[in-house]
Amino acid sequence: MLFGDDHVRRYEETDGEVGYTWMKGTPTLILTTKGRRSGQPRKSALIFGEYDGHHVVVASKGGAPDHPDWYKNLVANPEVMVQVKADKFAARARTATGEERATLWAHMAEIWPDYNEYQPKTDREIPVVVLERLD
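Residues numbered from 1 in each chain as written. Predicted model: local features only at pLDDT ≥ 70, side-chain atom pairs only at ≥ 80, totals over all residues. Heavy atoms only, no water.

Undergrad: Could you give an account of helix α3 (residues 98–111), naming the residues involved and the relevant values?
TA: Taking 1.5 Å per residue as the helical rise, α3 with its 14 residues ought to reach 20 Å, and the 20 Å between its terminal C-alpha atoms agrees with that figure. Along α3, the residues classified as buried are R101, L104, W105, H107, M108 and A109. Where α3 is buried, its residues touch β2 (41–47), β3 (49–51), β4 (54–58), α4 (115–118) and β7 (128–133). (Helix = DSSP H or I, 4+ residues; strand = E, 2+ residues; numbered from the N terminus. Expected span 1.5 Å × (residues − 1). Buried < 20%, exposed > 50% of the residue type's maximum accessible area, 1.4 Å probe, protein only. Contact = heavy atoms within 4.5 Å.)

Okay, here's the thing in structure tokens:
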């Protein structure tokens, strides 16, 4: 099973032939953010869903008390790059709120049911992020 930098590397080397389908058959994408302190590109392999023509990811970090770095980076700079299999595109990230968040959370929990176990582990509201394609 691929994790972290190995997952990103294999995904990019094979245009998602290796790494697109991950644990329990879940789809993954590669999200590239700009490091909020370094300014350098930072890549993460993330479970995603599609909803209303957009890609959606969850900043769960397994229910840890703090947001994942990739989420902190996109809050600081919402212009990101996304790779889904061989499709690479620029996107603008935004955090869903209110009813939209609730709808998207339910959708993402169908894809990865463990999300429902992560939320009770933390006091923070786990962000649900919509990636809106720019090109």
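Undergrad: Pulling in residues and values, what's your account of the environment of Q83?
TA: Topologically, Q83 is positioned in strand β5 (residues 79–84). Q83 sits in the buried class, given a relative accessible area of 5%. A sequence separation of 67 residues divides Q83 from G16, and the C-alpha atoms of the two residues are 8.5 Å apart. Every residue in contact with Q83, bar those within four places of it in the chain, is listed here: Y11, E12, D15, L29, I30 and K88. There is a polar contact of 2.8 Å between the side chain of Q83 and the backbone oxygen of K85. (Polar contact = N/O pair within 3.5 Å; in protein donor to acceptor, adjacent residues only side chain to side chain.)

Undergrad: Could you give an account of the pairing of strand β1 (residues 28–34), with specific residues and numbers?
TA: Most of β1 sits out of view: 6 of its 7 residues are buried. In this structure, β1 lies alongside β2, joined through 7 bridges in antiparallel fashion. For I30, the partnering residue across the bridge sits in β2 and is A45. Between β1 and β2, which pair antiparallel and follow one another directly, the connecting turn spans 6 residues, one of which, G39, has a positive phi of 75°. Here 3 bridges tie β1 to β5, and the two strands are oriented antiparallel to one another. Following the sheet pairing, I30 is matched in β5 by Q83. (Pairing = 2+ DSSP bridges.)

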